[in-house]
Protein chains: 4
Amino acid sequence: MPDPTRRNEHSRQAVLQATRELVAEVGYAKLTIEGIAARAGVGKQTIYRWWRSKGAVVFDSFLALSEGPDGMALPDTGDIEADLKAVMRETAAEFSDPVFEKPIRTLTLEIAADPDLAALYRGKLAGPVDEIKKDRLRSAQRAGQIAEDVDLDLALDLLYGPLYQRWLLRTGPITPEYAEALVDHVLRALRPPATP
Amino acid sequence: MPDPTRRNEHSRQAVLQATRELVAEVGYAKLTIEGIAARAGVGKQTIYRWWRSKGAVVFDSFLALSEGPDGMALPDTGDIEADLKAVMRETAAEFSDPVFEKPIRTLTLEIAADPDLAALYRGKLAGPVDEIKKDRLRSAQRAGQIAEDVDLDLALDLLYGPLYQRWLLRTGPITPEYAEALVDHVLRALRPPATP
Amino acid sequence: MPDPTRRNEHSRQAVLQATRELVAEVGYAKLTIEGIAARAGVGKQTIYRWWRSKGAVVFDSFLALSEGPDGMALPDTGDIEADLKAVMRETAAEFSDPVFEKPIRTLTLEIAADPDLAALYRGKLAGPVDEIKKDRLRSAQRAGQIAEDVDLDLALDLLYGPLYQRWLLRTGPITPEYAEALVDHVLRALRPPATP
Amino acid sequence: MPDPTRRNEHSRQAVLQATRELVAEVGYAKLTIEGIAARAGVGKQTIYRWWRSKGAVVFDSFLALSEGPDGMALPDTGDIEADLKAVMRETAAEFSDPVFEKPIRTLTLEIAADPDLAALYRGKLAGPVDEIKKDRLRSAQRAGQIAEDVDLDLALDLLYGPLYQRWLLRTGPITPEYAEALVDHVLRALRPPATP
DNA sequence: AGCTAAGCGAGACGGTACGTCAAGTCTTGTG
DNA sequence: CACAAGACTTGACGTACCGTCTCGCTTAGCT
């Protein structure tokens, strides 16, 4: 309903900034629209005018933070095992870092709870990033390191699902060793059949 | 502080029952202590006396529902592939069933958000159940269907992590085919090394 | 500050018209500037530019309605009793008519609450009208129907005060009989002293 | 709906006290429920639970203040003129006193605007007080100072209406002289017919 | 005829207060 | 003394308007 061309960019940034700060300070459960508005020096109505829900604000605030898929690039040294281990070790490190921990968990729970947000997330972030990852796997297929017929979506689930579940439910430690062992097993599952 | 021996079991059951109904009806986000108390015909204080938080009530209400690890048993036909596919197909079906969907998701989000609840969950439910699953994998190891040296925790992550992630984030459909393909790949990763 | 020569008469009329309608529809308590602006198809600023307050708009809207003192004329048949009874019966009828009721009450409350508005009202409407009424009483004095030395302001208070109070506080019905009895009593109070 | 027996008398008094103070300090137009609740150290809900509207709170707060009809007594020296002049001079003084001015005006406007409040006011305060006044007039009738057949309601209107109107609309000064002149005229209107 | 300064409709903005909801605590009376 | 009931303070909700502030767009005069 409101006219986006008249939107005040300064207010928008202030809201997103304040949201990021407050999520880090008090956590999502104690995050309030009133708190965001007060911290941002903005009227509550300005938030309600431009965002559907608290989840949407939180989502936007982290979306704006992440550089987007453009800034992302996966290494391609020709050795899929080394490359994946490097990437997964880095991912594991991020999940373990308490600085990343809180906002990522907050964002994840929002997405898990709200299908609309989930769709948005897939469209704007997860989807493009997954495409980049699948490109690297395709490159490995061409190099004969991964079987030609594997379902790449399943391959990504195999790589990230275990790490993600262990982190989200805190069922075990997230170490570099775990990341490497995970890659080892997944690559064994994806290996092309032995040729005589 | 309160004396557990004087606890009114009837009130306890009424609260858990009401909680289950309300989660199914209105979802977790709109679940309130007042609503539970009213539905259960119980004073609010009775809830606050016996549970730390809303999450704890929800948790208990589903914990009481699930029969616990005792009632659980995994098939052991001797064929690990067939057995796992059966189990995973069933799990996939549960995740797809809208009747199970809402409470499981609610419980999962509670656990993901609250480390204390997570510990409780692991101790009372997930841990014992995981032991049963690992027992089945050990049986497969003895039968030579799975390598002797695999880390069974990682094996469980490989089996359930992909399914769980896909379900929680709604990144793709949860079909029997997906469950079977998943088992195929995981077993390939766990297979004992070829002996000459 | 703004230049009255550039004022848009069409907007002015639309505002006054909308105000009158809205007072009649929703009452003064629920009257809002935004509502007036929307109904009049006018920007809020246009209202704030030309009126000091909501009370001022309401006041103007009814002021514009009443034709002003020019259009007013009191009967002078030579019989002060008959003339006053006619006038008071008419006044009583207006006060009883629900169509007049709401706007007059609204205007009255505004005036009672805001001394500035009260002064404006006295200067522009009540004062001139009172002069006309006093002219009629002076005519009666010359005719020997009213004592020479009565304070005409007090005389007007005696005539209108009782009716006005009864109406405003709803302490009793406003009937033609009441109006006539009132005139009877007041004239008795104003009668010239019996001459021997 | 709420159970009056469980009402917290301390909160009730705090609300009425705070309301009286705030009306005196900022006036009715700027009186807010939030302000009352804050000043009284009371939750807003407690106000909404026990009063229908802001007007009802204001009304109650002044009702509680006035001692009620019991504490009221009119002088009866046998001389109706002297007695009425004393009473009316006192009334005029109250209306002129800025300390009484604001709350009385506030209360009056509330009553004038809200028929329900008006009924309450008549029942609890104005009615009983008027009966006492009419008793004094009846006493004067028995003493032959007032005609037997006068409508006492009309008589009260004649006495108070002029004063009230002049005060509410600020159409003239409220002086002791005015009060006395008013009584003189009204008594002339009520005098029994001369007997030969 | 072109320029410019104003008024104008529209509506976003920072705010205040609304009336409602639920949180968690406290009080009262019953079994 | 646990309990059902429910009043209490607190604080956030989402909405309605406030009065101010741009935005483009007429619409006069005044060059």
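Reference entry: report on the structure contained in this document. If you're wondering where the values come from, they're calculated on a predicted model, not measured in any experiment. (Residues numbered from 1 in each chain as written. Chains lettered and ligands numbered in written order. Predicted model: local features only at pLDDT ≥ 70, side-chain atom pairs only at ≥ 80, totals over all residues.)

### Some details on the overall build of chain A
No. 1: Each helix and strand in chain A was counted, giving nine helices and zero strands.
No. 2: Taken from the N to the C terminus, the helices and strands of chain A come in the order α-α-α-α-α-α-α-α-α.
No. 3: Its C-alpha atoms give chain A principal-axis dimensions of about 70 × 35 × 25 Å.
No. 4: Taking all 196 residues of chain A together, 27% fall into the buried category.
No. 5: Within chain A, contacts between residues separated by at least 24 positions form 66% of all contacts whose residues are at least 6 apart in sequence. (Helix = DSSP H or I, 4+ residues; strand = E, 2+ residues; numbered from the N terminus. Buried ≥ 20, exposed ≤ 12 C-beta atoms within 10 Å, placed from the backbone. Contact = placed C-beta atoms within 7 Å.)

### Quick look at the protein's contact with DNA strand E
No. 1: Around DNA strand E sit 40 residues in total, of which Asn8(A), Gly43(A), Pro2(C), Asn8(C) and Gly43(C) are the nearest.
No. 2: Every element with two or more residues in the surface near DNA strand E is listed here: α3 (44-50) of chain A, α2 (33-40) and α3 (44-50) of chain B, α3 (44-50) of chain C together with α2 (33-40) and α3 (44-50) of chain D.
No. 3: Across the surface near DNA strand E, the residue classes tally to eight nonpolar, 16 polar and 16 charged. (Near = placed C-beta within 6 Å. Nonpolar A, V, L, I, M, F, W, Y, C, P; charged D, E, K, R; others polar.)

### Remarks on the relation of the copies chain D and chain C
No. 1: Mapping chain D onto chain C calls for a rotation angle of 179° and an axial translation of 0.1 Å; the resulting RMSD is 0.2 Å. Here the symmetry operator amounts to a two-fold rotation axis. (Least-squares fit on C-alpha atoms with pLDDT ≥ 70 in both.)

### Quick look at the relation of the copies chain A and chain B
What connects the two chain copies is a rotation about an axis and a shift along it.
No. 1: For the pair chain A and chain B, the superposition axis carries a translation of 0.1 Å, the fit reaches an RMSD of 0.1 Å, and the rotation angle comes to 180°.
No. 2: Mapped onto chain B, 100% of the interface residues of chain A are again interface residues, and the two copies thus contact each other with one and the same surface.

### Remarks on the interface of chain A and chain B
No. 1: In this assembly, 29 residues from chain A lie in contact with 29 residues from chain B.
No. 2: Residue assignment for the side of chain A that touches chain B shows that the elements contributing at least two residues are α6 (98-113), α7 (115-142), α8 (152-168) and α9 (176-190) of chain A.
No. 3: Here the side of chain A that touches chain B takes eleven residues from α8(A), the largest share from any one element.
No. 4: Taken together, the residues of the side of chain A that touches chain B sort by class into 17 nonpolar, five polar and seven charged.

### Considerations on the interface of chain D and chain C
No. 1: On the chain C side, the residues contacting the 29 residues of chain D number 29 residues.
No. 2: Residue assignment for the side of chain D that touches chain C shows that the elements contributing at least two residues are α6 (98-113), α7 (115-142), α8 (152-168) and α9 (176-190) of chain D.
No. 3: The element that contributes the greatest number of residues to the side of chain D that touches chain C is α8(D), accounting for eleven residues.
No. 4: The residue inventory of the side of chain D that touches chain C, partitioned by class, reads 17 nonpolar, five polar and seven charged.

### Quick word on helix α4 (residues 54-65) of chain B
Residues and elements named next belong to chain B.
No. 1: Here α4 contains twelve residues, and its C-alpha end-to-end distance of 17 Å stays within 8% of the 16 Å for a straight helix at 1.5 Å per residue.
No. 2: All of the buried residues along α4 are Gly55, Val57, Val58, Phe59 and Ser61.
No. 3: Where α4 is buried, its residues contact α1 (9-26), α2, α3, α6 (98-113) and α7 (115-142). (Expected span 1.5 Å × (residues − 1).)

### Some thoughts on the protein's contact with DNA strand F
No. 1: Within the structure, DNA strand F sits among 40 residues, and Thr32(A), Asn8(B), Gly43(B), Asn8(D) and Gly43(D) are positioned closest to it.
No. 2: Elements represented by at least two residues in the surface near DNA strand F include exactly α2 (33-40) and α3 of chain A, α3 of chain B, α2 (33-40) and α3 of chain C together with α3 of chain D.
No. 3: Residues that form the surface near DNA strand F fall into these classes: eight nonpolar, 16 polar and 16 charged.

### Let's talk about the arrangement of the chains
No. 1: The two units chain A and chain C remain apart, with a minimum C-alpha distance of 16 Å.
No. 2: For the non-touching pair chain B and chain D, the nearest C-alpha separation works out to 16 Å.

### Structural notes on the packing of α1(B) against α4(B)
Helix-helix packing is characterised by the crossing angle of the two axes and by the distance between the axes.
Residue and element names in this part refer to chain B.
No. 1: Interaxial distance between α1 and α4 falls to 9 Å at its minimum, and their mutual angle equals 100°. Taken together, α1 and α4 sit at an angle that is classed as roughly perpendicular. Residue-level contacts link Val15, Leu16, Thr19, Arg20 and Val23 of α1 to Val57, Val58, Asp60, Ser61, Ala64 and Leu65 of α4.
No. 2: Residues that form the contact of α1 with α4 fall into these classes: seven nonpolar, two polar and two charged. (Axes fitted to C-alpha atoms, helices over the stretch in contact; angles between N-to-C directions. Parallel < 35°, antiparallel > 145°, perpendicular 65-115°, else oblique.)

### What to know about the environment of Ala73(C)
No. 1: Tracing the chain through its elements places Ala73(C) in the loop between α4 (54-65) and α5 (80-96).
No. 2: Considering only alpha carbons, one finds Ala73(C) and Val129(C), 56 residues apart in sequence, at a separation of 9.0 Å.

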